Every structure is written in structure tokens, then in C-alpha cells.
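Chain and residue survey
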Amino acid sequence: MEKHLLEAKQYLSHGLKTSAKNALRRKKEAEVALEKREAARSNLHALLHKLQDAKSDAMVYEAYKAGIAGMKQVFEEGGLTLERVDITVDEMNEVLDKHADVQEALSRVTVDTSSLDGDLEKELDELLSDEKEDSTDALSTGLNSLGLRDIENLPDVPDTDTSSGGNSSRKALVNVT
């Protein structure tokens, strides 16, 4: 095509208009022929793809048939029927219901915790006793560090109630248990 275009330019440069026109006509014919070949090539590619798709479809079809035959064989050999499956599922549900009943019955069994409760109460009393002793020891230590050994001889605590108008005092009460 480029060759025809160059020829047309050459003819024009020599003043041969008719020859240039013929060169352009050959160029156009070559382009049309090329387009036809491209279209044919494209059609061939499409046909090859369709052929491959058809082969693939045939393989899928054969795989379906083989799968169906295999399933039929399994059903026949295993004796699988809808009726037998329903019976088996019903039996399984009955067994699962019995299991749930057994689980419920086992969860109702009570454990005698009275001896355990007694031990726990005793341990709790010991902990409380130890705690009282620790707090009494801490109070005594604190009072001793202040030079106060006798709790009964503590000084009077002033009354902070200003509504009475006087300065009354009360004996401080300390309850240590």
C-alpha cells in the first residue's frame, strides 16, 4: 500500500495525473483485499473459539453423566432411599431426645453441701478473728507510739455542735471489738 502511494506521488511529480490516479486505485483495491482477509481471519478465530467451547460443553455433559451414574450406583449399593433416610433421621432424633433427657436428669442431681458449708463458715470465722486481732494490734501499737497505753483514760473530745451556744464536752467513746 505504501508502494502504491509512493508511485502516485512520483507520477504527480512528473505530471502524470492519470497514472497517479491508477496507483491510488490499486492502493484502494489492496486495502479492500486486506480488510476482507482480516474479516475472514477474524471469522476463523471465532469459529475456533466456538469449536473449543463445543468440546468443553461436551466434556461438561460427559462429566454430568458420569456423576449421575456414580450417584445412582452409590444409592443402589448403599440402599439409600428417601423412606430409609427418613427412618434413620427419625431414629437419630429419638436418640438425641433421650440424650437430652439424660443430660437434664443428670443436671438435677444435687450434691450435699452441708458439710462443705460448715467448713466454709469455720474458715470465715477464723479469717474474721484474725482480722480483728490485726486491727486491735495496729490500734494498740498506734496508741503506744503516742504514749497512750490505756484506752479508758483518753481526754475529752470537744463538742463541735455550735448550735447549743456553749462549750460542752463529752467523753470519747472508743469501741474496740
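Here, residues in each chain are numbered from 1, in the same order as that chain's written sequence. Local features in this predicted model are restricted to residues of pLDDT 70 or higher, and side-chain atom pairs are both shown and tallied only at a pLDDT of 80 or more, whereas totals for entire chains, interfaces and linings draw on every residue. Processing note: side-chain calculations cover all non-hydrogen atoms of the structure and skip hydrogens and water entirely.

Thoughts on the overall build of the chain
Check the secondary structure of the chain and you find four helices and two strands. Put simply, DSSP marks the helices as runs of H or I at least four residues long and the strands as runs of E at least two long, and each gets a number from the N terminus on. Reading the chain from its N end, one meets helices and strands in the order α-α-α-α-β-β. Residue burial is assigned from relative accessible area. The probe radius is 1.4 Å, only protein chains are included, and a residue is buried under 20% of its type maximum, exposed over 50%, and partly exposed in between. The buried share of the chain, taken over its 177 residues, is 4%. Every residue pair with non-hydrogen atoms within 4.5 Å of one another is taken to be in contact. Counting contacts in the chain only where the partners sit at least 6 residues apart, residues at least 24 apart contribute 22% of the total. By element, 57% of the accessible surface of the chain is carried by carbon and sulfur atoms, the whole surface being about 15,900 Å². Only the protein chains shown count as cover for residues, and all accessible areas are computed by the Shrake-Rupley method using a 1.4 Å probe.

Describing the pattern of salt bridges
We define a salt bridge as a contact between a side-chain nitrogen of Lys or Arg and a carboxyl oxygen of Asp or Glu at a distance within 4 Å. Under the criterion given, the structure shown has five salt bridges. Between Glu 31 and Lys 27 there is a salt bridge, and its shortest N-O distance comes to 3.3 Å. With a gap of four residues between them, Glu 31 and Lys 27 both fall in helix H2 (residues 17-78), about one helical turn apart. With a relative accessible area of 23%, Glu 31 lands in the partly exposed category. A relative accessible area of 21% means that Lys 27 is categorised as partly exposed. Glu 104 is the partner of Arg 108 in a salt bridge, and the nearest nitrogen-oxygen pair spans 3.5 Å. Of the two residues, Arg 108 and Glu 104 are both situated in helix H3 (residues 82-108); the distance of four residues between them amounts to about one turn of the helix. With a relative accessible area of 45%, Glu 104 lands in the partly exposed category.

A few points about a negative patch on the surface
Patches draw on residues past 30% relative accessible area with no salt bridge. Two like charges within 9 Å are joined, as are two nonpolar side chains (Val, Leu, Ile, Met, Phe, Trp, Tyr) within 5 Å. Charge assignment in this entry is limited to Lys and Arg as positive and Asp and Glu as negative, and neither His nor the chain termini are counted. Charge placement uses NZ in Lys and CZ in Arg. For Asp and Glu, CG and CD serve respectively. Together, Asp 117, Asp 119, Glu 121, Glu 123, Asp 125, Glu 126, Asp 130, Glu 131, Glu 133, Asp 134 and Asp 137 make up a region of like negative charge exposed at the surface. By secondary structure assignment, the location of Glu 123 is in helix H4 (residues 114-145). Here Glu 123 falls in the partly exposed class, since its relative accessible area comes to 48%.

Focus: helix H1 (residues 2-13)
Helix span is expected to be 1.5 Å times the residue number reduced by one. Taking 1.5 Å as the rise per residue, H1 with twelve residues should run 16 Å; its terminal C-alpha atoms sit 17 Å apart, in good agreement. Gly 15 occupies a position one or two residues after H1 and carries a positive phi of about 85°.

Some remarks on the packing of H1 against H2
A fitted line through C-alpha atoms represents every axis, and for helices the fit uses only the stretch in contact; the resulting angles, taken between N-to-C directions, go from 0 to 180 degrees. The N-to-C vectors of H1 and H2 enclose an angle of 170°; their axes lie 8 Å apart at closest approach. Taken together, H1 and H2 sit at an angle that is classed as roughly antiparallel. Between H1 and H2, the residues in contact are His 4, Leu 5, Glu 7, Ala 8, Tyr 11 and Leu 12 and Lys 17, Ser 19, Ala 20, Ala 23, Leu 24, Arg 26 and Lys 27, respectively. Charged means Asp, Glu, Lys or Arg here, nonpolar means Ala, Val, Leu, Ile, Met, Phe, Trp, Tyr, Cys or Pro, and polar covers whatever is left, Gly included. A breakdown of the residues in the contact of H1 with H2 according to their chemical character gives seven nonpolar, two polar and four charged. Should an angle fall under 35 degrees it is taken as roughly parallel, and over 145 as roughly antiparallel, whereas 65 to 115 is taken as roughly perpendicular and any remaining angle as oblique.

Considerations on a nonpolar patch on the surface
A grouping of Met 71, Val 74, Phe 75, Leu 80, Val 85, Val 89, Met 92 and Leu 96 is seen on the molecular surface, where their side chains present a nonpolar patch of about 700 Å² in accessible area. Of all the elements in the fold, those that place two or more residues in the nonpolar patch are H2 and H3. Per-element tally for the nonpolar patch: the top contributor is H3, with four residues. Note on placement: Leu 80 falls in the loop between H2 and H3. On the basis of relative accessibility, which here comes to 40%, the residue Leu 80 falls in the partly exposed class.

Quick look at the confidence of the model for the chain
Summing up the model confidence of the chain, the mean pLDDT is 81 and the portion of residues at 70 or higher is 76%. Every residue gets a pLDDT, meaning the predictor's confidence in that residue, from 0 to 100. Mean pLDDT in the chain bottoms out at strand E2 (residues 169-170), which sits at 45, and peaks at H2, which reaches 93. The model gives residues 166-177 a pLDDT under 50, and that stretch makes 19 contacts with residues more than four places away or in other chains.

Quick word on the side chain of His 4
Counting through the fold element by element, His 4 comes out in helix H1. If near-sequence neighbours (up to four positions away) are discounted, His 4 is found in contact with Ala 23, Arg 26 and Lys 27.

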